Amino acid sequence: MAEALQQLILDTLDQFSAIDDTRTLVIPGQTVPATSQDAQIAILGALNSLQSREMISYETRETSSHALTPEGAQIALEGSHEARVWAALPVKGEGEPVGVQELKRKIGDEAAKVGQGRAFKNGWITKESSGFVKAASSIEDTTQIELREIDSTGTLKAGEKALAELRKRKLIVQRKGQWFTVRKGPNFSTSIAKPETDLTVDMLTSGSWKSATFKKYNFEADGIPTSGGAFHPLLKVREEIRNIFLEMGFEEMPTNSFVESGFWCFDALFVPQLHPARELQDTFYLSDPSTSLRPPEDYYKRVATVHEKGGYGSIGYRSPWSDEESHKLLLRTHTTASSGAMLYKLAARCRGETIDEHGDVGDPEGDTRQSVEGDGFRPAKFFSIDRVFRNETMDATHLAEFHQVEGVVADRNLTLADLIGFMRVFFKKMGVTDLRFKPAYNPYTEPSLEIFAFHPMLQKWVEIGNSGMFRAEMLEPMGLPKDVRVHGWGISLERPTMIRYGINNIRTLVGHKTSIEGVETSPAVMF
Ligand SMILES: N[C@@H](Cc1ccccc1)C(=O)O
């Protein structure tokens, strides 16, 4: 169709050298007349395409025509309301005058109401004591006549004033239309060569570029949407939380060890070897390899002793120590495994030791930061945001793997008030201002606090994390000075993300049901 129209325009131009009015084109095989707006829109498409190749040039002409509204169409058919009122009445003296109710019954409420006034104004009817009668023996229903004229010609000979009146009465509407005058362009030809869109090597070597026609660049065209990567909502929220930590002077811990030993995940944190968290239904254990390398020997012994017999003011768990339990390999159940390892490195750094067995501690020689006190301790703030694994039954809010956000602060003589104060500052930066704390239990912290926040959308308090002061049984075997206190807290990354994005099923956030489009279009978040 598009090609045929273009060809028709070119052939007509070839024959007559110009088209003065595109409404006169005879479009073969078309059911709509060329005068219709639909036809003119199709013609415009063909003209634009030819003009872009400079085969033609055209000018746009505006037309205005009128069409009947449904009410106008009805009047064209049945007569105006006033004429119908007039027709329904008897000639004066020749019959019973008609009352208002009867008139309404005969021609309908609307026509009776509107028609009556106009019929009076025109002097067509008059009122007698018992009702209306005709005042004129014949009338001319101009409204009907005009509407019929508009219906067939699209306009009125009577002119704009009469048209405006009918428009005001909402009997007709104005329709703007377009038509075109067409002239030949510099590249006029009757054959439509498909213009080249690219200059190719072949065209250059064969020389065919010299005679080829090229499609003009359309600088107005929208570009193709770029297909690029997009950050997953979890990564966006992670970045925001990371920035909060960084602006508060925290150092990011290395957490690239998804596989840990029972020692670093539990024993070093003074989690009893018989603790339920270590059960198979809560922890994923590795079968191959199934056992870890040995941790630093001295430290290992101190940890085993504090479990079995106590020390540092503690009586320990007084149950037999199992090397096997300690050496089991597992998927870490919390990032506190990394915090423990990091605190151990901090203690080793105080002593000026280097550690090879459990990763790199950094070269103490190269560390230019000065220790403040004689025992070499320096306050530290660490954070991590990474993946942990739990053998959970999966449902709308639980997956077997999720992310933990964890912060740890070590300094001399920290108190619980420091922890609470710190959390208030931290969560405020995340936009959470209403916090409550509830005593809780963790094997590695005492006291321990669950953190609750008021959820403005749910209008209730929800648990958002867990925190506490790390126990002496955990810190002192590492070799940290006695007056060094460490507090820490952990929250999940998924929960604030779900709240932020209004997601109530974790499986729409993580896994194969995640909408790629949603990930691409969701804005970077702001707490
Ligand atoms: N490890 C705790 C969080 C926590 C971190 C640090 C101190 C106290 C608690 C959890 O998994 O919930």
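Treat the numbers as computed from the prediction; the structure is a model and nothing was measured. (Residues numbered from 1 in each chain as written. Predicted model: local features only at pLDDT ≥ 70, side-chain atom pairs only at ≥ 80, totals over all residues. Heavy atoms only, no water.)

## Concerning the sheet that holds strand S11 (residues 435-442)
Spatial strand order, S6-S9-S10-S14-S13-S12-S11: 7 strands in an open sheet with mixed pairing. Sheet topology places strand S6 (251-252) and S11 at the edges, where each strand pairs with a single neighbour. Two elements, strand S9 (residues 380-389) and strand S10 (residues 401-412), share 10 bridges in a ladder whose sense is antiparallel. Opposite Asp 386, over in S10, you have Gln 404 as the bridge partner. (Pairing = 2+ DSSP bridges. Helix = DSSP H or I, 4+ residues; strand = E, 2+ residues; numbered from the N terminus.)

## Here we look at the site of the ligand
Lining the immediate surroundings of the ligand are 15 residues, of which His 334, Thr 336, Arg 390, Gln 404 and Tyr 444 lie closest. Take Thr 336: an N or O atom from its side chain is 2.7 Å from a nitrogen atom of the ligand. Arg 390 is positioned with one of its side-chain polar atoms (N or O) 3.1 Å from an oxygen atom of the ligand. Bound to the protein, the ligand loses 92% of the 320 Å² it would expose on its own. Listed by contribution, the elements that provide at least two residues to the shell around the ligand are S10, strand S13 (460-470) and strand S14 (484-492). (Near = heavy atom within 4 Å. Polar contact = N/O pair within 3.5 Å; in protein donor to acceptor, adjacent residues only side chain to side chain. Areas by Shrake-Rupley, 256 points an atom, 1.4 Å probe, with all protein chains shown as cover.)

## Some words on the confidence of the model for the protein
The share of residues in the protein with pLDDT of 70 or more is 95%, and the mean pLDDT across the chain is 88. Note that residues 357-372 has pLDDT below 50 and, in this model, 26 contacts with residues that lie over four places away or in other chains. Model confidence for the complex: the whole-complex pTM is 0.58, and ipTM, which rates the interface, is 0.95. (pLDDT = per-residue confidence, 0-100. Contact = heavy atoms within 4.5 Å.)

## Brief notes about empty space enclosed by the protein
Applying the stated criterion across every chain, the model contains 1 cavity of 30 Å³ or more. Size it by volume and the largest cavity reaches roughly 30 Å³. Lining the largest cavity we find Pro 272, Gln 273, His 307, Tyr 317, Ser 319, Pro 320 and Trp 321. For the lining of the largest cavity, the residue count by class is 4 nonpolar, 3 polar and no charged. (1 Å grid on protein atoms, 1.4 Å probe; cavity = no way out; pocket = protein on both sides within 12 Å on 5 of 7 lines; lining within 4 Å. Points joined across faces, edges and corners; volume = space filled by probe spheres on them. Nonpolar A, V, L, I, M, F, W, Y, C, P; charged D, E, K, R; others polar.)

## Regarding the layout of surface pockets
Computed from the structure, the largest pocket encloses a volume of approximately 1400 Å³. If you trace the largest pocket, you find 50 residues lining it, with Arg 390, Phe 402, Gln 404, Glu 463 and Ser 492 closest to the centre. Considering each element in turn, the lining of the largest pocket owes the most residues, 8 residues, to S13. For the lining of the largest pocket, the per-class residue count stands at 21 nonpolar, 21 polar and 8 charged. Volume-wise, the second largest pocket comes out at about 450 Å³. Lining the second largest pocket are 19 residues, with Met 430, Gly 431, Val 432, Pro 456 and Ile 499 sitting closest to its centre. Residue contributions to the lining of the second largest pocket peak at 4 residues, all from helix H17 (residues 494-501). Per-class residue counts for the lining of the second largest pocket are 13 nonpolar, 3 polar and 3 charged.

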